[in-house]
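# Topology and contacts: notes
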Amino acid sequence: MAKGKQTCKILKEIRKQIAAENDIELVVSECTYQGDCLGTCPKCEAEVRYLERELEKRQRMGKAAVFAGMSLGTLFAATSCNHPVPEPLVGEVMHTPDSTEMPNDSVPIDSIPSDAYLLEGDVLAPEPDTMKAEKKKVTCKNEEPLAIPGDVVVIEGIEGEMPEIFPEVGEVEGESDVYQIVEQMPEFPGGEAELFHYISKNIHYPQKAREKGIQGRVFIGFIVEKDGSISNVRNLRGVDSELDAEAIRVVESMPRWKPGMHRGEPVRVSYQIPIVFKLEDKQD
Amino acid sequence: MNKEDGVVARIFGVSRHRLTTDGEGVTTLVAFNGCPLRCKYCLNKQSWEPEKGRLYTPELLFEEVKIDQLYFLATHGGITFGGGEPLLQLPFIQAFRNLCGRQWQIVVETSLHVPLATVQAIDPIVDGYIIDIKDMNPEIYEAYTGKANNIVLENLQWLLQNGDPDRIKVRVPHIPEFNTDEDVANSIERLKSMGVMDIDEFHYIIR
């Protein structure tokens, strides 16, 4: 089994249990990445952030988060049906002199030379393969997009539900320095609720589309630049040319966001917003 | 914010998603620079150099590690402070506890080679100890670490008498060239007589 796979499976199982215990819809897809990894990736991290937001919502409604106390031993058993004895994990070194030995999946710290985690001295653990100090960069290109459990719902004259916005998963064409998940994600001024209000207030249902009874969900992708400005606004999945154009117009008109930050620096971050155009008296 | 009182520490590594290595749940290992001992087979000798590592405030560390809060809460996990000797960073860990609250588990992996007052001060805010005892024989301990172990034994005695022994795991290594199987057996026997219930015997392996 590739390094990190067992960790990935266990963490995924934890996320699924959190979702189940708190009645949160979480659609997870099987990771198709075959190589070694750190046990987590932008897609995994996005699922954690989604769960956090859902739990916060529930707490605002007076519902306490439920954590039943998961046993990692049980999770090991549940995720290793072909391996009754758990494999050594990435970074986990059995029977070493000091269990605080820093493993190879440590977060790199800028001021340390790249080989600083190489073991020193004369001691070797019995699993030498687990102790290489290679830094592996993991990308999750070409995976299925995240499930979108909510939308900015635009109904004439009626405010819809709170939006769910997600960092976009997948490559942004021609944009090599765009992040998907960063330590501090960019934020619309005032937060998600304000973003929803802004879109609801400024978007107009195109007249022709209304007359034709056209409705549906438009996915708009964009980049929050280092200065918070919005760029590269594009239609990822459209419904109708007029609805698509109106959605793009409103997203392009947004005020500057608070930019995303990573390792103390502002960075470019890719986002997508689903906007639902729904006529008041028309059923799906 | 502890910018006012200037609590900072140098940290040479942060390792996420450790499963059952340092505690019962998902844990993040935070390794401090600085150690009073100079063990021959130390695997983290970079921790000896005080200028290495990144300078952190408790707030900066908290912001970095809280990314895994959901895992901590769901599995009864949290932070394991190691190093180096984490108990040299008492104010930092105290400030960190104030930031993360009581729900996160805080475990220290320590040699206990610090003043008793430090152990007494940190005891109310940590949930568990992993104590690397080296060897209970003073001569062996000093030969291997360069320091006497009387302070270690006093601290361990205090913890056993004043705290909950269930929170204490003591690791007893077979140290090539420094102790024998008989020495290790003697250490374990003595630890048991002191009231230690969780003892982890293991081997250093020399290449």
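Scroll up for the structure.
An account of the accompanying structure is given in this report. It should be emphasised that the depicted structure is a prediction, and the values quoted were computed from it without experimental measurement.

What follows deals with the overall build of chain B. Secondary structure assignment for chain B yields seven helices and eight strands. Within chain B, the fraction of its 207 residues that count as buried is 59%. Partitioning the intrachain contacts of chain B with sequence separation of at least 6 by distance along the chain shows that 68% fall at a separation of at least 24. Surface exposure of chain B reaches about 8100 Å², of which carbon and sulfur atoms provide 49%.

Bringing the side chain of Asp135 of chain B into the picture now. Residue and element names in this part refer to chain B. Tracing the chain through its elements places Asp135 in the loop between β6 (128-132) and α5 (138-145). For the buried Asp135, no salt bridge exists, and the shortest N-O distance to an oppositely charged side chain is 7.9 Å, to Arg190. Separated by 2.9 Å, the side chains of Asp135 and Asn179 make a polar contact. Here Ser187 takes part through its side chain, which lies 3.3 Å from a polar atom of the side chain of Asp135.

Now for the nonpolar core. One finds Leu61, Phe81, Phe96 and Leu156 of chain B to be the most contacted residues of the largest nonpolar core, which totals 56 residues. If one sorts the elements of this core by residue count, helix α6 (residues 150-162) of chain B sits on top with six residues. When sequence neighbours within four positions are dropped, the list of residues in contact with Phe96 of chain B reads Pro58, Leu61, Phe62, Val65, Ile79, Phe81, Trp104 and Ile106 of chain B. Formed by 28 residues, the second largest nonpolar core is a distinct cluster that contains Phe188, Leu243, Met254 and Val267 of chain A.

The next thing to look at is the environment of Tyr179 of chain A. All names here are of chain A. Positionally, Tyr179 belongs in strand β4 (residues 178-179). Its relative accessible area of 35% is what places Tyr179 among the partly exposed residues. Residues contacting Tyr179, with those up to four places away along its chain left out, are His262, Val267, Arg268, Val269 and Ser270.

With that settled, consider α6 of chain B. The terminal C-alpha atoms of α6 of chain B, which comprises 13 residues, lie 18 Å apart, in line with the 18 Å expected from a rise of 1.5 Å per residue. Taken residue by residue, α6 of chain B has Val152, Leu153, Asn155, Leu156, Trp158, Leu159 and Leu160 of chain B as its buried positions.

Once that is clear, we can look at the pattern of salt bridges. It is possible for side chains of opposite charge to pair when their charged atoms get near one another. For the structure shown, the criterion picks out 20 salt bridges over all chains. Arg97 of chain B is the salt-bridge partner of Asp127 of chain B, the closest N and O atoms lying 2.7 Å from each other. In this pair, Asp127 of chain B is assigned in the loop between α4 (116-122) and β6 and Arg97 of chain B in helix α3 (residues 90-100), connecting sequence segments 30 residues apart. The salt bridge partner of Asp123 of chain B is Arg167 of chain B, with a shortest N-O separation of 2.7 Å. Here the residue Asp123 of chain B occupies a position in the loop between α4 and β6, and Arg167 of chain B occupies one in the loop between α6 and β7 (168-174), the gap between them amounting to 44 residues. Residue class for Asp123 of chain B comes out buried when judged on its relative accessible area of 10%. When salt bridges with common partners are traced through the structure, they connect Glu45, Arg49 and Glu52 of chain A together with Arg16 and Asp68 of chain B into a single cluster.

All right, on to the packing of helix α4 (residues 192-202) of chain A against helix α6 (residues 241-252) of chain A then. Residues and elements named next belong to chain A. At a minimum axis separation of 10 Å, α4 and α6 run at an interaxial angle of 130°. With respect to α6, the axis of α4 lies oblique. Crossing of α4 against α6: the hand is right-handed. Two secondary-structure elements touch here, α4 through Tyr198, Ile199 and Asn202 and α6 through Glu246, Arg249 and Val250. Partitioned by chemical class, the residues of the contact of α4 with α6 number three nonpolar, one polar and two charged.

Cut-offs and rules
- Residues numbered from 1 in each chain as written.
- Chains lettered and ligands numbered in written order.
- Predicted model: local features only at pLDDT ≥ 70, side-chain atom pairs only at ≥ 80, totals over all residues.
- Heavy atoms only, no water.
- Helix = DSSP H or I, 4+ residues; strand = E, 2+ residues; numbered from the N terminus.
- Buried < 20%, exposed > 50% of the residue type's maximum accessible area, 1.4 Å probe, protein only.
- Contact = heavy atoms within 4.5 Å.
- Areas by Shrake-Rupley, 256 points an atom, 1.4 Å probe, with all protein chains shown as cover.
- Lys, Arg positive; Asp, Glu negative; His and termini not counted.
- Salt bridge = Lys/Arg side-chain N within 4 Å of Asp/Glu carboxyl O.
- Polar contact = N/O pair within 3.5 Å; in protein donor to acceptor, adjacent residues only side chain to side chain.
- Core = buried A, V, L, I, M, F, W, Y, C linked by side-chain atoms within 4.5 Å.
- Expected span 1.5 Å × (residues − 1).
- Axes fitted to C-alpha atoms, helices over the stretch in contact; angles between N-to-C directions.
- Parallel < 35°, antiparallel > 145°, perpendicular 65-115°, else oblique.
- Left-handed = near helix turned anticlockwise from the far one by under 90°.
- Nonpolar A, V, L, I, M, F, W, Y, C, P; charged D, E, K, R; others polar.

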